[in-house]
Amino acid sequence: MIAKEIIEKLVREKLDERMFIVEINVSSTNVIHIFVDSYDGMTIEQCIAISRNVEHNLDREEEDFALEVSSPGLTESFKVKEQYIKYTGKAIKVVTEDQKLEGLLKSTSDEGIVLETSGKEKVEGQKKKQLVVKEYNLKYDDIKSAKAVISFK
């Protein structure tokens, strides 16, 4: 089996300062899946450059392998802090142990995120529902999953 560390080193050689590794998986049958992303979005050309660098530095004669390089899809859950940073200022869905939230990702830190939600709720002393804005400070360890909200507006 090809070592994950070797793959990671080869991938890092082709990353610029705006790009980051999301996940690298190497199966027992040497099927290699590499997921990379960028704060500016990944191009096919960038994925090809990474794929070629990995492929040209591994010997198929020594160990055969299958290789796939891509960026994570919009429907995939976030796996690394850099993905939260990329979506700062955008809408995301977050699932924790006891709640499901959807709102604006206000900020990120090394420990977690600040999520702002808004919705109409019945407020005491008011006849009509009022717009209520809430902020949630969530630690990464408490987040079960987080995804980008896809909007066509």
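Q: Can you walk me through the pairing of strand E4 (residues 91-96) in this structure?
A: Residues in a regular strand project their side chains so that they alternate between the two faces of the sheet. Side chains Ile 92, Val 94 and Thr 96 project from E4 onto a buried face, and the interleaved Ala 91, Lys 93 and Val 95 project onto a face without burial. Taken together, the five bridges between E4 and strand E5 (residues 100-108) define a ladder with antiparallel strand orientation. In the sheet register, Val 94 faces E5, and the bridge partner there is Leu 101. From the end of E4 to the start of E5, which pair antiparallel, there are three residues. Bridge analysis of E4 against strand E8 (residues 143-148) gives five bridges, and the strand direction is antiparallel. By the bridge assignment, Val 94 is partnered in E8 with Ala 146.

Q: I keep staring at a nonpolar patch on the surface and nothing clicks. Help me out?
A: There is a patch of nonpolar side chains on the surface, built from Leu 74, Ile 150 and Phe 152 and spanning about 370 Å² of accessible area. Residue placement: Leu 74 occurs in the loop between strand E3 (66-70) and helix H3 (81-86). Note on Leu 74: relative accessible area 47%, which makes it partly exposed.

Q: Can you help me understand the sheet that holds E5 in this one?
A: One key point about sheets: their strands pair by backbone hydrogen bonds, in either a parallel or an antiparallel sense. With respect to topology, five strands assemble into an open sheet ordered E7-E6-E5-E4-E8, the strand pairing being antiparallel. Each edge of the open sheet is held by one strand with a lone partner, namely strand E7 (130-139) and E8. Adjacent strand axes in the sheet meet at a mean angle of 35° when their direction is disregarded.

The rules behind the values
- Residues numbered from 1 in each chain as written.
- Predicted model: local features only at pLDDT ≥ 70, side-chain atom pairs only at ≥ 80, totals over all residues.
- Heavy atoms only, no water.
- Buried < 20%, exposed > 50% of the residue type's maximum accessible area, 1.4 Å probe, protein only.
- Helix = DSSP H or I, 4+ residues; strand = E, 2+ residues; numbered from the N terminus.
- Pairing = 2+ DSSP bridges.
- Patch = residues over 30% accessible without salt bridge, like charges linked within 9 Å, V, L, I, M, F, W, Y side chains within 5 Å.
- Areas by Shrake-Rupley, 256 points an atom, 1.4 Å probe, with all protein chains shown as cover.
- Salt bridge = Lys/Arg side-chain N within 4 Å of Asp/Glu carboxyl O.
- Axes fitted to C-alpha atoms, helices over the stretch in contact; angles between N-to-C directions.

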